[in-house]
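Residue-level listing of the chains:
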Amino acid sequence: GRLADRKVKVHDRAREILSDPSSSPNPLHSTLLRLFSNESSVRLVTTNLDRHFTSAAQTLFDGRLPEIYSAPALPLGSSFDGIVYLHGNVEKPSERMVLTDADFGRAYLTQGWATRFLQQLFAEYVVLFVGYSHRDIVMDYLARGLPPETHYPRRFALKAPGHDEEWIYRGINPISYPKGSDDDPHAPLRVALCEWAEETR
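For every chain, the first residue of its written sequence is number 1, and the numbers climb from 1 along that sequence. Two thresholds apply to this predicted model, a pLDDT of at least 70 for residue-level local features and 80 or more for giving and counting side-chain atom pairs, whereas whole-chain, interface and lining totals are computed over all residues. As a rule here, side-chain values cover all heavy atoms of the structure and leave hydrogens and water aside.

1. Here we look at the side chain of H52
The helix count covers DSSP runs of H or I at least four residues long, the strand count covers runs of E at least two residues long, and both are numbered beginning at the N terminus. Here H52 lies in helix 4 (residues 52–60). The criterion used for residue contact is that any of the two residues' heavy atoms lie within 4.5 Å. Dropping the residues within four chain positions of it, H52 is found in contact with S23, S24, P25, H29 and Y85.

Next up, the structure:
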């Protein structure tokens, strides 16, 4: 936010970096999408701004894409299928991306479109967090303010060992995977998701 206040074109610069044509999806993007049987059954929400999930879906589903939504034009959280770029993405105008504290304040507080979407999502669906730290202050308040019926066993998080109490405090059921080697601590997560994808297919 301070950079934006100094007239640095934060959004344009971020978009340029995240649009790097040499950057491509990693195996985890495809593995998460393989949990769904076809492009019509995908229901995935990401705060990433790159288009890697879209690219991976196009490859996985032979050119057929699920519905793609990008903030702030979001579907109803209680009734949607597709890929939701909750904080916007590089394919849309850069000023729509949620990057600065002011963007975050609009998305979750003053305009509240991200909050409305997530409240409906958590009320309607069982949710699994993958690779999400859940350390944003507004998300913490949102998690604590959800009604009791959206807590156990409706929200889960795949996570590295330790700090279970932080997730439990937010009403989220932690599922720990063993730590991998120092150079690849999340390798067991990838193995588990690959096996899960095989089982669902």
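There is more to say after this.
2. Quick word on the side chain of R155
With respect to the helices and strands, R155 occurs in strand 5 (residues 155–159). There is no salt bridge for the buried R155, and the closest opposite charge comes from D140, which lies 8.7 Å off by N-O distance. Pairing of N or O atoms within 3.5 Å defines a polar contact, subject to two protein rules: one partner must be a possible hydrogen donor and the other a possible acceptor, and residues neighboring in sequence count only if both atoms are side-chain atoms. Polar side-chain contacts of R155 include one of 3.5 Å to the backbone oxygen of G171. In this view, R155 contacts F122, V127, A143, L146, T150, R170, G171, I172 and N173; residues no more than four positions away in its chain are not counted. Burial classification: accessible surface area is computed with a 1.4 Å probe over protein chains only, and a residue below 20% of its type maximum counts as buried, one above 50% as exposed, and the rest as partly exposed. Positive charges come from Lys and Arg alone, negative charges from Asp and Glu alone, with His and the N- and C-terminal ends not counted. Salt bridges are defined by distance alone: a side-chain nitrogen of Lys or Arg within 4 Å of a carboxyl oxygen of Asp or Glu.

3. Digging into the sheet that holds strand 1 (residues 43–46)
Note: two strands are recorded as paired if DSSP finds a minimum of 2 bridges between them. Spatially, three strands are ordered 1-3-2 in an open sheet, and the strand pairing comes out parallel. Edge positions in the sheet fall to strand 1 and strand 2 (68–70), since each has one partner strand and no second. For this sheet, the mean inter-axis angle between neighbouring strands, taken without regard to orientation, is 15°. In the sheet, strand 2 pairs with strand 3 (residues 82–85) via three bridges, with the strands oriented parallel. Angular values range over 0 to 180 degrees, each being the angle between N-to-C directions of two axes fitted as lines to C-alpha atoms, with helices fitted over their stretch in contact.

4. Observations concerning the sheet that holds strand 4 (residues 127–130)
Strand order in the open sheet made by the three strands is 4-5-6, with parallel pairing throughout. Only two strands of the sheet have a single partner each, and these edge strands are strand 4 and strand 6 (173–176). Averaged over all neighbouring strand pairs, the angle between strand axes comes to 25°, with direction disregarded. Across four bridges, strand 5 lies against strand 6 in parallel orientation. If you follow L158 over to strand 6, its bridge partner there is I175.

5. Digging into the pairing of strand 1
Of the two faces of strand 1, the one holding L44 and T46 is buried and the one holding R43 and V45 is not buried anywhere. Where strand 1 lies against strand 3, four bridges are found, and the strand directions are parallel. In the sheet register, R43 faces strand 3, and the bridge partner there is G82.

6. What about unusual backbone geometry?
Excluding glycine, residues mostly have negative phi values, and the peptide bonds linking residues are mostly trans. In this structure, the amide linkage connecting A71 to the following residue, P72, adopts the cis form with an omega of 0°. Its identity as a non-glycine residue notwithstanding, H163 has a phi of 60°, on the positive side.

7. Examining the pattern of salt bridges
In the structure shown here, the tally under the stated rule is nine salt bridges. The shortest N-O distance in the salt bridge between R51 and E91 comes to 2.4 Å. Of this pair, R51 sits in the loop between strand 1 and helix 4 while E91 sits in the loop between strand 3 and helix 5 (101–110), and the two are 40 residues apart along the sequence. D184 is paired through a salt bridge with R190; the nearest N and O atoms lie 2.4 Å apart. Given a relative accessible area of 25%, D184 falls into the partly exposed group.

8. Overview of the nonpolar core
For the purposes of this section, nonpolar cores are sets of buried Ala, Val, Leu, Ile, Met, Phe, Trp, Tyr and Cys residues that join through side-chain atoms within 4.5 Å. Ranked by size, the top nonpolar core spans 26 residues in total, and within it Y108, F117, L118, L121 and F122 carry the most contacts. Counting residues per element, the ones that place at least two in this core are helix 5, helix 6 (113–124), strand 4 and helix 7 (137–145). By residue number, the principal contributor to this core is helix 6, which donates six residues. Excluding residues within four positions of it along the chain, Y108 makes contact with L86, H87, A114, T115, L118, V138 and M139. Residues L32, A56, L158 and Y177 belong to the second largest nonpolar core, which totals 17 residues.

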